[in-house]
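Inside the fold
Below, each chain spelled out in residue letters.
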Amino acid sequence: MTRERINSAYEYLRRVTEQRPSLCVVLGSGLGGYADTLEDAQIIDYRDIPGFPQSTVPGHAGRLVLGKKHGVSLACMQGRFHCYEGYSPAETVIPLRALIRLGIKRLLITNAAGGINESFRPGDIMIITDHINFASLNPLEGANLDEFGPRFPDMSFAYDKELAAALKEAASRHGIDVKTGVYAMMKGPSFETPAEVCALRVLGADAVGMSSVPEIIAAAHAGVKSAALSCITNMAAGILNQPLTHEEVMETGRIAAGRIRTLIDGFIERVGE
Ligand code: HPA
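Figured I'd write up the structure that's included with this text.

Reading the values: rules and limits
- Residues numbered from 1 in each chain as written.
- Predicted model: local features only at pLDDT ≥ 70, side-chain atom pairs only at ≥ 80, totals over all residues.
- Heavy atoms only, no water.
- Helix = DSSP H or I, 4+ residues; strand = E, 2+ residues; numbered from the N terminus.
- Rg over C-alpha atoms; globule rule 2.2 N^0.38 Å.
- Buried < 20%, exposed > 50% of the residue type's maximum accessible area, 1.4 Å probe, protein only.
- Contact = heavy atoms within 4.5 Å.
- Areas by Shrake-Rupley, 256 points an atom, 1.4 Å probe, with all protein chains shown as cover.
- Expected span 1.5 Å × (residues − 1).
- Polar contact = N/O pair within 3.5 Å; in protein donor to acceptor, adjacent residues only side chain to side chain.
- Near = heavy atom within 4 Å.
- Nonpolar A, V, L, I, M, F, W, Y, C, P; charged D, E, K, R; others polar.
- Core = buried A, V, L, I, M, F, W, Y, C linked by side-chain atoms within 4.5 Å.
- Pairing = 2+ DSSP bridges.

Below, the discussion takes up the overall build of the chain. In terms of regular secondary structure, the chain is built from seven helices and nine strands. What you see for the chain is a C-alpha radius of gyration of 17 Å, in line with the 19 Å of a compact globule of 273 residues. By principal-axis analysis of the C-alpha atoms, the chain measures approximately 55 × 40 × 35 Å. Out of the 273 residues in the chain, the part that is buried amounts to 57%. For the chain, contacts bridging at least 24 residues in sequence account for 83% of all contacts bridging at least 6. Summed over all atoms, the accessible surface of the chain reaches about 11,400 Å², with 50% contributed by carbon and sulfur.

Structure follows, in structure tokens:
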């Protein structure tokens, strides 16, 4: 089922575009604007791609933008699919796997996350060095798709050190402060309880969010190298004596969006085609 959906999405993309992107950029909540800066942009609505799930979250536009930046062929995903919307983990990575079939070799992920590390502040940017999959959701569950990778893929190098170094260089070149840390994925859609956040801290997480881990796993499975950035849009539940809202997440995301755009751009310039 998943294989057929990936294939029909891939066949469609191969037919409607001559572009063969080498790098996929997943633009998280409020960060979709980066795709507007692409040259020779070709915009494809997710609705028009057979096999693709459809996005339901406000702030997630649901478009694939193909184009070039610094001579690099890009596929920018404006909007992603979350398990809390009701999709299976395997469904959430259909777009990425269709793009892997189209030839992408590298992945840059952005997301919004709550800060657990108390030295973080809302608006900070964190390069993800590793993750903890507390959602226990895995896109590779079920029959293995051998054409992508092995049954038991290694996750030791899921976050590529060279790509992370390119992000750090871009940050330092543009005077942008970046943190590094471990991202914990929770399924959501409710935010965490303060007790869960305490537990996550003890277990080694610096930030918590509801996305990205399935994509990172699917990329690692297929030998696609990944880098990932979290925008710390809020401090996680219980750290500050105040309630958490989706509006706060979106608003802080907007404030940090300019810096994240600069980082994405500097990253692409550094890694090249
Ligand atoms: N928890 C989970 N996901 C999030 C958060 C959070 O605090 N902020 C943004 N995404």
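Between the first and last C-alpha of helix H1 (residues 2–16) there are 21 Å, a value that for 15 residues agrees with the 21 Å anticipated at 1.5 Å per step. Among the structural elements, strand E2 (39–45), strand E3 (63–69), helix H2 (89–92) and helix H3 (94–102) are those in contact with the buried residues of H1.

Right, let's talk about the side chain of Asp265 for a bit. With respect to the helices and strands, the residue Asp265 is situated in helix H7 (residues 246–271). Within the local environment of Asp265, its side chain forms a polar contact with the side chain of His70, the two groups lying 2.8 Å apart. The contact partners of Asp265, leaving out residues within four places of it in the chain, are Tyr34, Lys69 and His70.

The buried count for helix H6 (residues 213–221) comes to nine of nine residues, which makes it a mostly enclosed element. Among all positions of H6, only Val213, Pro214, Glu215, Ile216, Ile217, Ala218, Ala219, Ala220 and His221 are buried.

Take the site of the ligand next. Taken together, the neighbourhood of the ligand is formed by Ala112, Ala113, Gly114, Phe191, Glu192, Val208, Gly209, Met210, Thr233, Asn234, Leu244 and Val249. At 3.4 Å from a nitrogen atom of the ligand is found a main-chain nitrogen or oxygen belonging to Ala112. A distance of 2.7 Å is found between a nitrogen atom of the ligand and a side-chain nitrogen or oxygen belonging to Glu192. Contact with the protein chains covers 95% of the free accessible surface of the ligand, which is 260 Å². Counting only elements with at least two residues in the shell around the ligand, the list comes to strand E5 (106–115), strand E8 (207–209) and strand E9 (225–235). No other element matches E5, which puts three residues into the shell around the ligand. Among the residues forming the shell around the ligand, the class breakdown is seven nonpolar, four polar and one charged.

Moving on, we come to the nonpolar core. When a protein is soluble and globular, its nonpolar side chains tend to lie buried together. One finds Leu13, Cys24, Ile49, Leu64, Leu96, Leu99 and Leu107 to be the most contacted residues of the largest nonpolar core, which totals 52 residues. If sequence neighbours within four positions are ignored, Leu13 has contacts with Ile44, Ile49, Leu64, Ala98, Leu99 and Leu102.

Of all 10 residues making up E5, nine are buried, and the element is well covered by its neighbours. Note: strand E1 (residues 23–27) against E5, four bridges, orientation parallel. Paired with Leu23 across the two strands is Arg106, which belongs to E5. Of the pairings in the sheet, the one linking E5 to E9 comprises 10 bridges and is parallel in character. Paired with Asn111 across the bridge in E9 is Ser230.

Within a regular strand, the side chains alternate between the two sheet faces. The buried fraction of E3 is high, at five of seven residues. Bridge count between E3 and strand E4 (residues 72–78): seven bridges; the pairing is antiparallel. What sits directly across from Leu64, in E4, is Met77. If you look at the hairpin formed by E3 and E4, you'll find two residues sitting between the two strands, and His70 has a positive phi there, around 50°.

For the peptide bond that leads from Gly188 to Pro189, omega is 5°, which places it in the cis range. As for its position among the elements, Pro189 is in the loop between strand E7 (179–185) and helix H5 (194–202). Not every positive phi belongs to a glycine, and Asp40 is a case in point at roughly 50°. For His70, which is not glycine, the phi torsion reads 50° and is therefore positive. The residue His70 is located in the loop between E3 and E4 in this model. For His70, a relative accessible area of 36% translates into the label partly exposed.

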